Amino acid sequence: SFAMPFLSRPPALDGTMAGDVGFDPLGFSNYFDLKWLREAELKHGRVCMLGCLGFITQEKIQLPLPGFDNKVATEAFFSVPAGGLWQIFFTLGAIEILSNNGKLAPGDMFVDGRAPGDLGFDPLNLSGDDAALRRFELAELKHGRLAMIGLGGMLHQMLITKQGPLEQLANFQPIQYYGL
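The paragraphs below set out a description of the structure included in this document. (Residues numbered from 1 in each chain as written. Predicted model: local features only at pLDDT ≥ 70, side-chain atom pairs only at ≥ 80, totals over all residues. Heavy atoms only, no water.)

**What about the overall build of the chain?**
Inference 1: The helix and strand inventory of the chain stands at 5 helices and 0 strands.
Inference 2: In sequence order, the chain lays out its α and β elements as α-α-α-α-α.
Inference 3: Here the chain, with 180 residues, has 24% of them falling under the buried criterion.
Inference 4: Contacts in the chain between residues at least 24 apart in sequence constitute 47% of all its contacts with a sequence separation of at least 6.
Inference 5: Of the roughly 12,300 Å² that the chain leaves accessible, carbon and sulfur atoms contribute 68%.
Inference 6: Where the 14 positive side-chain charges of the chain centre and where its 19 negative ones centre are 3 Å apart. (Helix = DSSP H or I, 4+ residues; strand = E, 2+ residues; numbered from the N terminus. Buried < 20%, exposed > 50% of the residue type's maximum accessible area, 1.4 Å probe, protein only. Contact = heavy atoms within 4.5 Å. Areas by Shrake-Rupley, 256 points an atom, 1.4 Å probe, with all protein chains shown as cover. Lys, Arg positive; Asp, Glu negative; His and termini not counted. Charge placed at Lys NZ, Arg CZ, Asp CG, Glu CD.)

**Comments concerning the nonpolar core**
Inference 1: The biggest cluster of nonpolar side chains holds 9 residues, and these are Cys48, Cys52, Phe55, Val72, Ala73, Ala147, Leu151, Met154 and Met158.
Inference 2: Those elements giving two or more residues to this core turn out to be helix 1 (34-60) and helix 4 (130-161).
Inference 3: With 4 residues, helix 4 is the largest single contributor of residues to this core.
Inference 4: The residues contacting Met158, other than those within four sequence positions of it, are Phe55, Val72, Ala73, Thr74, Gln163, Gly164 and Pro165. (Core = buried A, V, L, I, M, F, W, Y, C linked by side-chain atoms within 4.5 Å.)

**Things to note about the environment of Cys48**
Inference 1: Note that Cys48 resides in helix 1.
Inference 2: Judged by its relative accessible area of 11%, Cys48 falls in the buried class.
Inference 3: Each C-alpha atom, one on Cys48 and one on Leu151, is 6.1 Å from the other, the two residues being 103 residues apart in sequence.
Inference 4: Setting aside its immediate chain neighbours within four residues, Cys48 contacts Ala147, Met148 and Leu151.

**Details of unusual backbone geometry**
Inference 1: We note that Asn101 has phi near 55 degrees; this positive angle belongs to a residue other than glycine.
Inference 2: Its location among the elements puts Asn101 in the loop between helix 3 (82-99) and helix 4.

**Brief notes about the layout of surface pockets**
Inference 1: Space inside the largest pocket adds up to approximately 1,400 Å³.
Inference 2: Val47, Leu50, Gly51, Ile88 and Leu92 are the residues nearest the centre of the largest pocket, which is lined by 34 residues in total.
Inference 3: Mapped by element, the contributors of at least two residues to the lining of the largest pocket are helix 1, helix 2 (73-76), helix 3 and helix 4.
Inference 4: For the lining of the largest pocket, the element with the highest residue contribution is helix 1, accounting for 10 residues.
Inference 5: When grouped by side-chain class, the residues that make up the lining of the largest pocket number 20 nonpolar, 10 polar and 4 charged.
Inference 6: Lining the second largest pocket are 28 residues; nearest its centre among them are Arg46, Gly117, Leu133, Glu137 and Glu140.
Inference 7: Mapped by element, the contributors of at least two residues to the lining of the second largest pocket are helix 1 and helix 4.
Inference 8: The dominant element in the lining of the second largest pocket, judged by the number of residues it contributes, is helix 4, at 7 residues. (1 Å grid on protein atoms, 1.4 Å probe; cavity = no way out; pocket = protein on both sides within 12 Å on 5 of 7 lines; lining within 4 Å. Points joined across faces, edges and corners; volume = space filled by probe spheres on them. Nonpolar A, V, L, I, M, F, W, Y, C, P; charged D, E, K, R; others polar.)

What follows is the structure, given as structure tokens:
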């Protein structure tokens, strides 16, 4: 494997998908459909890219309503009314079901030939040029992977310091300051 030279390359990871460097140390590609795993990776990456933007934006912009004035996302979650959380939950569920035409299992999600992550939304016709499409697919995958790591870092930083990312950068204190 290019990613881990001391391990053999998993047979399903043949390098045909964007960003495939043979990294699968737990062997998921031996048990699950590779397209289903890529779909999950893209969805999580997209959510984390939006989450990173939201964590940073929330420090500077809040809704002018009671319960929406907390700048720290980990604390703001608990101040949002339950009805708002249920709205988000059901909206995301509806998007998940509608975007896959009700096919959510790994065995039937791609029977119609849909590519992982392709929701049929391309208003700028970025998929018109095949070389550009491959470049955009790789860029989205790399940015999503970085966003997943970044969101985890921001989340833990907020839990430890009780500060948003921008406030923490402006007023940095070593972790020992927080008594850990």
